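# Close look at the chain arrangement
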Amino acid sequence: MDAAKLRGLLLLSLLCVVSCGGDSQPPRPMVPEEEQLSRSYSITLPEEITSDDTVSLSVNASNDSNAQKVTIESWNTSLGIPLSIVNTSEGVYSFIAPQVRKRTPVTITAKLVDETGTKFNVSAQSLILPSKPNLIVIFTDDQGYADVGAHNIVSDINTPNIDKLAANGVLFSNGYITAPQCTPSRAGMITGVYQQRFGVDDNRYTPIPENVITMGDRFSELGYTTGLVGKWHLEIDQNSKPWFKENFPNTPISEFNPGNLPSSLKERYYPSSKGYKYNYFGYANRYWTNFDLKGNETRLAWVSNSDYRLDVISDAATQFIDINHDEPFYLHVAHYAPHVPLEATEDYLSLFPEQSANRRRYALAMMYAVDAGVGSIVSRLEEYGILDNTIIAFISDNGAPIGLDFTDAPITEKDTWNGSLNTPLIGEKGMLTDGGIKVPFIVHWPDELQGNTVVDEPVISLDVLYSALKSAGASESTLSELDGVEIFPTEGFDTSILLNRPLFWRFWNQSAVRLGNYKYLKMGAEHEFLFDMSSEEANSNNLISDMPDKTEELKRLYNAWNAEMFRQPQQNSLNSQEREWLSFYLTP
């Protein structure tokens, strides 16, 4: 057949297709048998599941299927980790939701086989919610109540990152610490119980007893990675004479020198021996650590680092996050600021060029450095997508020491005002008036806490630890060993219950208890005060004579609490410092 005839036949064939009643739409492609089967079955799975929970799912046939008997050959997930999915009844299965560090979409796929041996897949999607929030405690040193911008008290403070935590979290306007001095308040913040229970009443009673259970221990038991960077102040130090006398009774106290004690003995009281796996413990220039600031793990040892002490601790905190972001973690961050010695780099000082008091200028620069560290921590959490599931608590260890009159002494002097402010509170560090124990107190947890929330009911540092441990899955037995209560204002939480819970303090020759709006304060044997805390703690507002029943109620509560404590000191006579405070702040 020549080419012309072939072209004619092809044209005739095409005309026939068009003119002989053929369908103008292309024929529907055949659906493969596997795809048809996949459409005939489905997996029922909750839209949201929580890590560590037991989750049920079912494999179901659609109504229009022939409902052939199928078997499950295997399971897999988009997470890239195996799931142990077990058959609990006909068509119903269960598994333990895997631990995740952030909200994580997941696809679960079953490979099915029908009676003819045909294999096909059925999938379902869900969202896994983390069950274990991270906890970061940022614990500053001698930072007064006025010195966060979120309090709107003074105009010269600049703490934008801390303020952002408050704006996006919870500001506790009546947040207290357990003592008006470093060591005892830190002992409470490290253990979750009143430090008087184990005898760390004031700075003299270092080191922390070896048998005390710390937050490092408790979070480790819950599967957390733990760390501490910065100040500890619970080791053997120059204040440890009572401990030395008890442990070395045959050695004259005049020979006590911590530097002469064996390293192996001193290390027993370091955070590395108290439940904290990762350490960058120190004050300035020298640190006990097992990781470096490039994220490398090292052998525990003392290392030198002469960089600015506040930046060092902020860097150590972010490196800890770099190392441990894939695991639930608890990190205690203790910046040594604005405690004396007052030190700041020129970069920070240049931000505060005009101040009537040079000590105030240095304190502002130091608190800005801490704030910059808070910003670095938050940014690092955001980079790893774990900010929303991280509880951040920002608290100061006590009020600022103001030396009565805010003397602007030379920067090198230590026993005077540190440049921070307790405005408008009465008193200072060392006192049980609010100036010594009421502090900046902020909690940030986007997954659970409504932003821009203010809680006015009284709370104490121990409450943060109780609440965080509860959120981490601690048992009721564990929680019963703590002195705090739940304070996170999650949905449905009634903060008014905090008005019916007493708070207690005992320091030197002072004692105090607050219940609701009333606070009883005793200084020595003779000086008693009852204050309505909606007013100023001033002698002119002393209600001790006007409300004897309320006074007796608070005294009974205090006496019952005090009877449980390890030490029972006589508090009849004020020391010289307390007498000076009494005269200056509370005597008409």
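Overview of the structure.

Let's shift gears to the sheet that holds strand 23 (residues 518-523). A sheet is described by the order of its strands in space; here four strands give the open sequence 21-22-23-24, paired in antiparallel fashion. Two strands bound the open sheet, and with one partner strand each, they are strand 21 (503-507) and strand 24 (527-532). The average undirected angle you get between the axes of adjacent strands in this sheet is 10 degrees. Of the pairings in the sheet, the one linking strand 21 to strand 22 (residues 510-515) comprises five bridges and is antiparallel in character. From the neighbouring strand, Arg506 faces strand 22, where its bridge partner is Ser511.

All right, on to the pairing of strand 8 (residues 119-129) then. Bridge analysis of strand 2 (residues 48-50) against strand 8 gives three bridges, and the strand direction is parallel. Paired with Ile49 across the two strands is Ile128, which belongs to strand 8. Looking at chain direction, strand 7 (residues 104-113) and strand 8 are connected through ten bridges and run antiparallel. Considered in strand 8, the bridge of Val113 is made with Lys119. The hairpin formed by strand 7 and strand 8 contains five residues between the paired strands, and Gly117 there has a positive phi angle of roughly 90 degrees.

Next up on the list: the packing of aromatic side chains. All chains considered together, the criterion is met by 37 aromatic pairs. Consider the rings of Tyr278 and Phe291, whose centres lie 6.1 Å apart with planes at 65 degrees: the pair is edge-to-face. Remark: Phe291 occurs in strand 14 (residues 285-291) and Tyr278 occurs in strand 13 (residues 278-282); sequence separation between them is 13 residues. When its relative accessible area of 5% is taken as the criterion, Tyr278 is described as buried. For Phe291, a relative accessible area of 1% translates into the label buried. A connected cluster of aromatic rings, assembled from ring pairs, spans Tyr270, Phe281, Tyr283, Trp288, Trp302 and Tyr336. When the ring centre of Tyr145 is taken as origin, the NZ or CZ atom of Lys438, which lies over that ring, is 5.1 Å away. Above the ring of Tyr205, the side-chain terminus of Arg567 is found at 3.8 Å from the ring centroid.

Calculation notes
Residues numbered from 1 in each chain as written. Predicted model: local features only at pLDDT ≥ 70, side-chain atom pairs only at ≥ 80, totals over all residues. Heavy atoms only, no water. Pairing = 2+ DSSP bridges. Helix = DSSP H or I, 4+ residues; strand = E, 2+ residues; numbered from the N terminus. Axes fitted to C-alpha atoms, helices over the stretch in contact; angles between N-to-C directions. Phe/Tyr/Trp six-rings, centres within 6.5 Å; stacked < 30°, edge-to-face > 60°. Buried < 20%, exposed > 50% of the residue type's maximum accessible area, 1.4 Å probe, protein only. Lys NZ or Arg CZ within 6 Å of the ring centre and 35° of its normal.

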